[in-house]
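Now for the letters of each chain:
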Amino acid sequence: MKPLTLDDLAALASRPAPVTTDFVRVQLDTGGIAAGAEETFAAFRSAVAAAALSTPVLRVGSHGRSWADPVVEVAAAGLPPVLYGGVKADVAPQIVAAHLQSGRLIDDHVIAPASGAAELAAPVTHLLVLDTGVGEAKTKFFQFSFVEELKRRGLADQIQVARALDLGVYDEGVVVTLLPAGVTYTNVLAPDVARIVEQSVQGRQVLDDLLWKRTDPQVRIVLRNCGSIDPESLPDYLERAHGYQGLRAALARTPEQVIEELKVSGLRGRGGAGFPTWLKWTNTRIQKSEPRCVICNGDEGDPGAFMDRSVLESDPHSVLEGLMIAGYAIGAAHGYFYIRAEYPKAVERVERALAQAREAGLLGRNILGTGFSFDAKIRLGAGAFVCGEETALIASIEGKRGSPSPRPPYPSVRGLWGRPTAINNVETLANVPAILLRGGAWYAGYGTETTKGTKVFAVTGKVKNAQLVEVPMGTTLRSIVFDVCGGVLEDKDIKAVQTGGPSGGVIPDKHLDTPVAYETLQQLGSIMGSGGMIVMDTTDSMVDVAKFFLKFCVDESCGKCAPCRIGGFQMLQILDRISRGRGAAEDIAALRRICQAMQKASLCGLGQTAPNPVLSTLRYFDEEYKAYIEGGPSYARKMARAAGGAEPARALAPATTEGA
Amino acid sequence: MNPSAHASGAGADPANESWRNDEGALLTMLEEVERKHGYIPQQVGDEVSRLLELKLERIKRAQAKLETGIRRDVQRHVARWSGEEGNLIMILHAIQNQYGYVPREVAMELSRELGVRLARIYEVITFYHYFKLQPPGKHNVTVCNGTACYLKGAAGLLAELRTQLGVGEGQTTPDREFHVDVVRCIGCCGMSPAVVCDGKTHGRVKPADIAGFLAAARAASPEAKP
Amino acid sequence: MSAVATLPTVKATINGLVVEVPVGTSILDAARRAAVKIPTLCKHKDLLPTAACGLCVVRNKGGPRLLRACCTPLEAGMEIATHDNEIVEVRRSTLELILSNHPAECLTCGRNGECELQSIAADFNIRTDGIKRHVKEQPADRSTGSIILEFEKCIKCGRCLQVCQEMQDVWALSFLERGINTRMAPAGDIALAESPCVKCGQCSAHCPTGAIVENDETAAVWAALHDRDKVCVVQIAPSVRVTVGEAFGLPPGTNLTKKLYSALRRLGFHAVFDTNFSADVTIVEEATEFVQRFVHQRGPLPLITSCCPAWTDFMEKKHWDFIDNFSTAKSPQQMLGVLAKTYYAQQAGIDPAKLVVVSIMPCTAKKYELSRTEEMFASGFKDVDICLTTRELARMLKQSGIDFLALDDGAADSILGEYSGAGTIFGTTGGVMEAALRTAHHYATGQKLGQVEFAAVRGLDGVRTAVIDVGGAKVRVAVAHGLGHVSAVLEQVRQARREGKEPPYHFIEVMACPGGCIGGGGQPYGVDNERRRQRIAGLYQDDRDQAVRCSHENPEVVRLYRDFLGQPNGTKAHELLHTRYTARPLYKR
């Protein structure tokens, strides 16, 4: 690729994205690959070749619907693009034969989120049916009923009825979606079948009493390109995703103006602490010493969080673009991606993005002739959660043990190799190009008073659709879990949602209507963290959950300071005793005392927040602790059996430590 | 004359020539001969020392080859990262990828080449769980224990691995065929619980699937990348 | 204009008291000025804060978190509280956590009664094991015979690491693993004796607990003293006389030479000698060597002093390209040993096989020196049998029931007891250089020195250089102490070598420990620069108190050469008083 010029970029900006109506896009991120997407990709290629079709089979990143992996998007003339989930290799030839060759959808794989459409402008071509209710599924019965009704009216040849995999509506009885418009009816009963066919399919009238009017609360800013572009193609990013237009917008202004735009946007660090991004940049920029550095923190360590991996794998250029804008704003010519070594695919794609950007003249000296010089490198983590902490991350890049150091001095004053350094999380940086392109005010239009914009959550655990969700700040936890992710697995009752990873806390059912924002979560004893959201049902033991998170922190403590090193370990011993039914009443007081010492006297955030899971479970579920203590070993065994886990009652093997 | 013939004539185990390859057996043979004769006959002694010298020679050659090999590898890695600040961890990654662990000799050589104290290198290696000081198994099975996987039964998978292989977290089977490890999260929470077997990630794993993975790994090439 | 540039200061309050301190002063230090003591187990005055123990937490009014006083600079307008209820509570919990990870073995610990952890626990009135004790079992490392690493007692404060890596540039100790498994360990996780350790013992002098202690050999000395077949003699090193008092509550620098003579005699030693005597012999040999090289160009320059065994070990492992520059003269300890078993044994008519020579040294490396090479057996026996550190001696004295401070003055025994002022200053950085210059001046010029004190080589700067006039010739000298300061000096010499230039120095003195032997790894605990200065002052006073200030004028030394050795650097002197050096691998494994 020959080096780009500012004019080239300007031309790209005014050129509309090419519309393609014929493609197969296979979502190839680590999650998809784990589910067999590579095989699916190969199967599509050979099936398309065997059918002598010219349909391009393309690689894209992930939409975030991990539960449905492998996910494939298929477009053929005459139909809107359709998402298929659970497309193992053996499904690929079926899709080629049905969808590409005869315009028919295949059963049980289509994902068609309710669009909120309320008009039937074009003739209906397909009906999607899914029973979202509890109990015996009646999907097949309704499919049969619709087909029969269509047959009766002689329409069966023109209109297909397919069973869907997911229609973005949950617990609303039988749901029917009419394509291509996307009009969705819920709680459809048998008598409605004829009505729908007659009035809506034939008469193109919308039935208001059945119409699903709610729209998906999701807003995709960070994930704007994920799943729709090829993460390994710079042209795709440039032509189809307004690639590097945010950078162009930034370079047209002064660094101060760029920072001002960020200030207007209200963007706060998405790594957890929520420090205003503009302020961090300003604090770095005002340092007199040079050179300065900017680091992308891709050491996503919270267990159960994978938004950073997904963004790096699915849209690496937008993170790089954000990093470059940050570099321009703070006056840094050097950037680093610090990425977990456990994310080889992300590393590979960022590596490729860097090479492409360098080749296109987007990295290097005098970028686009603007006088701005910038380049970036990758540094790998090596399996240490604490390296997500800024000073530990810096130590790690410097080739040392990832032990945090006292702040002040803050990295903005003395960071990497003593240079003023701004460290931003992947998600934060992915927001930046969009803000520069569409304006801070646009971004600030989403969210709440204190917490602007959107946030990506990785919703996992006992949830139906474990996936990435991007919603405006202020959306309630309940809406995220139930409206977007389909509710609790096996329709059990929800007990709590854990947010913020090992530094976070549990939020019980009664508080799930809280709008998500940094402050509100804090008031509930949890934190936003990087956006992990773990759904727990009534069979999950909160003592066990606290122990799980605490064990994580104990394993990941750097060991430098006594309160964290010993405090976490000793709390774990106590929790272990309790969870085996061998705790004593005074153990609770001891836990609280150690929690206080850790919170107040630990050197870094890891130690200061490690007690949160314990404190928040004590706050909302102290009766569970009491039950373990009073119920003794037999109760503990009963709980373990109920959870179906593999004997959590076994002693916590302090293999490394002598149990006194 | 063949000392084993001599030994057999002297009443030691005639057929068993395992002492030619096994030092323990060699000592037993010599003791046996000495017990029978009251001394070790010249010929036996000569043959044994000839064998030992040969062995020593071979060991030395192998060692020298290893050392040059190590030096060349380390120099290559250092050259790739020379001039880069804070390159130690990236070089250790390269070494870890090459050998599957960081052998002591390599760490020593790296210390010399890079001018970084061995103390610092070990501080770093032992801090980061990604780096290992022990050779890995031929096949590596890694169970993800992120929250999602934990809630959905990672412990059951580990228990199954223990049943199948007899080893648990961080351990290698005695025949060095399998190494079992636990990682904190591989970011496949949507597919939980997840297991990585020889670099391939499997999602929604049930304990019953484990036997199949192990069999497939065994059947795969013995050169399986660690 | 004022000659003193005033540093910018900050004003703040600590517990309501207004303090004004230079910018950058830590809250911990600022509080000291306001007579407020904030407890800490990891911060040592010699060292940078490691922020490890978490005891020094304080509160700044309105701040969200507690701050660590050790590493947070006082800022203008801060309102610091150091001892409110919550802070004390947090400190107590943290202390209990530390104790829960530490064996309860105070009664049998090498630091019993002198342990910083023990004393803070006492201050906090800890009366129960509030948190169940978990200590990982880990066998101690006794491989060196000088220093014992009792890993279980380590509280991971990081002092020893900073001492070993930064201050001493030895890099024998490191932290391995992480979290609760974090452990202090020899580099590369091998035995300490296989590591680059030079046995200087600075780690033990800085350790707040009993995790690093000297190898106590007092039992062997008691056994020898009680053995009727043995004749025990003892020598005391220069610096010991001004430090041993600290173990008995006297101020640092108090000179107790004569009380030591009495006490050692009471312990049952047949003869009490003074290493200051053999320091004079060392000077005679070394100054002769220097004059040979400097005046007669026989041998390479610079000449480098070799009486510090930690330094020789360090050189043999890391700077062996300087082997030929090393003075081959043995250290005073070894010289006294070999002379006791030859010269003294002959004169006193004692079978040297029955002689047991005990040395009282400031140093753990001296224990290692006893069997450093075969030349340490020049008498045909082990020249010095047992080496005790000052700390071990103090414990012996306390055990023996001797009321040390109430003793009358005693005298050393002839013929290895008399010393000059030059001998006594061997115990301080710059002292060997100064002593050697006094005698070299005489050897080179034949004249008596008027002003014997060389102020230019005194002080506590890490490296001091000077040009000394020796009978018109300009002698360029350098003095370094603390092994961390050595490399820079040697690098200058190497640079000159590479460029084929004159060496930048003719004579270099190196002592491994900061301050020299008065700051040795076997000295009473609690060393810092203030204490080092006081100890050094004690030695310089002792020097001034001596009628004889130059080694070659020591009458017993004169007699030694006349009656026994012959010429300095002569055949017999070489046989008994000199040694060799060999390059050694940094790692034995």
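Residues numbered from 1 in each chain as written. Chains lettered and ligands numbered in written order. Predicted model: local features only at pLDDT ≥ 70, side-chain atom pairs only at ≥ 80, totals over all residues. Heavy atoms only, no water.

Enquirer: Mind showing me how you'd approach a positive patch on the surface here?
Expert: A cluster of basic side chains, namely A:Arg582, A:Arg637, A:Lys638 and A:Arg641, defines a positive patch on the protein surface. Examined against the element boundaries, A:Arg582 turns out to sit in the loop between helix H20 (562-579) and helix H21 (586-601). (Patch = residues over 30% accessible without salt bridge, like charges linked within 9 Å, V, L, I, M, F, W, Y side chains within 5 Å. Areas by Shrake-Rupley, 256 points an atom, 1.4 Å probe, with all protein chains shown as cover. Salt bridge = Lys/Arg side-chain N within 4 Å of Asp/Glu carboxyl O. Lys, Arg positive; Asp, Glu negative; His and termini not counted. Charge placed at Lys NZ, Arg CZ, Asp CG, Glu CD. Helix = DSSP H or I, 4+ residues; strand = E, 2+ residues; numbered from the N terminus.)

Enquirer: Sorry if this is basic, but what is going on with the packing of aromatic side chains here?
Expert: A ring pair, where both rings are aromatic, is described by two values, the distance of the centres and the angle of the planes. Here the structure, examined in full by the defined rule, presents 22 aromatic pairs over all chains. When the centroid spacing of 6.3 Å and the interplanar angle of 75° are considered together, the rings of B:Tyr128 and B:Phe131 count as edge-to-face. Side by side, B:Tyr128 and B:Phe131 carry an identical accessibility label, which is buried. Taken together, a centroid distance of 4.8 Å and an interplanar angle of 50° make the contact between C:Phe248 and C:Phe404 tilted. Here C:Phe248, found in the loop between strand E10 (231-236) and helix H7 (257-267), pairs with C:Phe404, found in the loop between helix H12 (390-400) and helix H13 (421-424); they are 156 residues apart in sequence, far enough to count as distant. Every member of this aromatic cluster is reached through a ring pair, and the members are B:Phe127, B:Tyr128, B:Tyr130 and B:Phe131. Directly above the ring of A:Phe621 sits A:Lys495, whose terminal nitrogen or CZ lies 5.8 Å from the centroid. For the cation-ring pair, C:Lys199 lies above C:Tyr368, with the distance from its terminal atom to the ring centre recorded as 4.0 Å. (Phe/Tyr/Trp six-rings, centres within 6.5 Å; stacked < 30°, edge-to-face > 60°. Buried < 20%, exposed > 50% of the residue type's maximum accessible area, 1.4 Å probe, protein only. Lys NZ or Arg CZ within 6 Å of the ring centre and 35° of its normal.)

Enquirer: Explain the sheet that holds strand E10 (residues 292-298) of chain A to me, please; I cannot follow it from the model alone.
Expert: Whenever strands of a sheet pair, they do so through backbone hydrogen bonds, lying parallel or antiparallel. Residue and element names in this part refer to chain A. The mixed open sheet is built from five strands, whose spatial order is E12-E13-E11-E10-E14. Looking at the sheet topology across the chains shown, the edges are occupied by strand E12 (364-367) and strand E14 (421-425). Sheet twist, expressed as the mean angle between neighbouring strand axes with direction ignored, is 25°. Pairing of strand E11 (residues 332-339) with strand E13 (residues 372-380), which is carried by six bridges, proceeds in the parallel orientation. Within the sheet, the bridge partner assigned to Gly 335 lies in E13 and is Ala 376. Sheet contacts for helix H10 (residues 277-285): E10 and E14; angle to E14, the most-contacted strand, approximately 160°. The strands touched by helix H13 (residues 344-359) within the sheet are E11 and E13, with E13 carrying the most contacts at an inclination of about 160°. (Pairing = 2+ DSSP bridges. Axes fitted to C-alpha atoms, helices over the stretch in contact; angles between N-to-C directions. Contact = heavy atoms within 4.5 Å.)

Enquirer: Which parts of the structure should I look at to understand the interface of chain A and chain B?
Expert: Accessible area lost upon the coming together of the parts is a frequently used measure of interface size. With 60 residues of chain A in contact, the opposing surface of chain B contributes 40 residues. Here chain A and chain B share an interface that buries about 3,900 Å² over both sides, 59% of which is from carbon and sulfur atoms. Area buried by chain A at its contact with chain B is led by A:Ala382, A:Arg401 and A:Phe548, which between them contribute 16% of it. Counting every contact that joins chain A to chain B gives five salt bridges. Of the charged contacts in the structure, one is a salt bridge between A:Arg419 and B:Glu85, with a shortest N-O distance of 3.1 Å. Inspection of the region where chain A meets chain B yields 17 residue pairs in polar contact (both at pLDDT 80 or more). Looking at the side of chain A that touches chain B, the elements with two or more residues in it are helix H2 (30-34), E13, helix H14 (390-397), strand E15 (454-461), strand E19 (532-537) and helix H19 (542-556) of chain A. At six residues, the largest contribution of residues to the side of chain A that touches chain B is made by H19(A). Partitioned by chemical class, the residues of the side of chain A that touches chain B number 28 nonpolar, 13 polar and 19 charged. (Buried area = accessible area lost by both parts, 1.4 Å probe. Polar contact = N/O pair within 3.5 Å; in protein donor to acceptor, adjacent residues only side chain to side chain. Nonpolar A, V, L, I, M, F, W, Y, C, P; charged D, E, K, R; others polar.)

Enquirer: How should I be thinking about the pattern of salt bridges in this particular structure?
Expert: Opposite charge on two side chains permits pairing when their charged atoms draw close. Applying the stated criterion to the full structure yields 110 salt bridges over all chains. Linking C:Lys366 and C:Glu369 is a salt bridge whose minimum nitrogen-to-oxygen distance equals 3.1 Å. One end of the pair is C:Lys366 and the other is C:Glu369, both in helix H11 (residues 365-369) and three residues apart, which spans about a single turn. The pair C:Lys366 / C:Glu369 is uniform in exposure class, with both members buried. Between C:Arg549 and C:Asp543 there is a salt bridge whose closest N-O contact spans 2.7 Å. Both residues of the pair, C:Arg549 and C:Asp543, count as buried. One continuous salt-bridge network, built from bridges that share partners, spans A:Arg59, A:Asp230, A:Glu232, A:Lys345, A:Glu348, A:Arg349 and A:Arg352.

Enquirer: Explain the pairing of strand E6 (residues 126-131) of chain A to me, please; I cannot follow it from the model alone.
Expert: Looking down a regular strand, the side chains alternate between one sheet face and the other. Residue and element names in this part refer to chain A. Summarising burial for E6: six of the six residues are buried, a large majority. Side-chain alternation along E6 places His 126, Leu 128 and Leu 130 on one buried face and Leu 127, Val 129 and Asp 131 on a second face that is also buried. In terms of strand pairing, E6 meets strand E7 (residues 160-166) through four bridges, oriented parallel. Paired with His 126 across the bridge in E7 is Gln 160. Two strands pair when backbone bridges link them, and E6 and strand E8 (residues 174-179) are joined in this way by six bridges, in the antiparallel orientation. By the bridge assignment for E8, Asp 131 is matched with Val 174.

Enquirer: Could you clarify how one ought to interpret the domain arrangement of chain B in this entry?
Expert: For chain B, the domain assignment lists domain 1 (59-127) and domain 2 (139-224). Its C-alpha centre places domain 1 of chain B at a distance of 29 Å from the equivalent point of domain 2 of chain B. (Domains from an automatic or database assignment.)

Enquirer: Hey, could you run me through the packing of helix H5 (residues 104-114) of chain B against helix H6 (residues 118-127) of chain B in this one?
Expert: Helices that pack against each other are described as a pair by the angle of their axes relative to one another and the distance between those axes. All names here are of chain B. The N-to-C vectors of H5 and H6 enclose an angle of 130°; their axes lie 9 Å apart at closest approach. Here H6 runs oblique to H5, going by the angle between their axes. The two elements H5 and H6 meet at a crossing, and its hand is right-handed. Residue-level inspection shows Arg 104, Ala 107, Met 108, Leu 110 and Ser 111 of H5 in contact with H6, the latter providing Leu 118, Ile 121 and Tyr 122. Partitioned by chemical class, the residues of the contact of H5 with H6 number six nonpolar, one polar and one charged. (Parallel < 35°, antiparallel > 145°, perpendicular 65-115°, else oblique. Left-handed = near helix turned anticlockwise from the far one by under 90°.)

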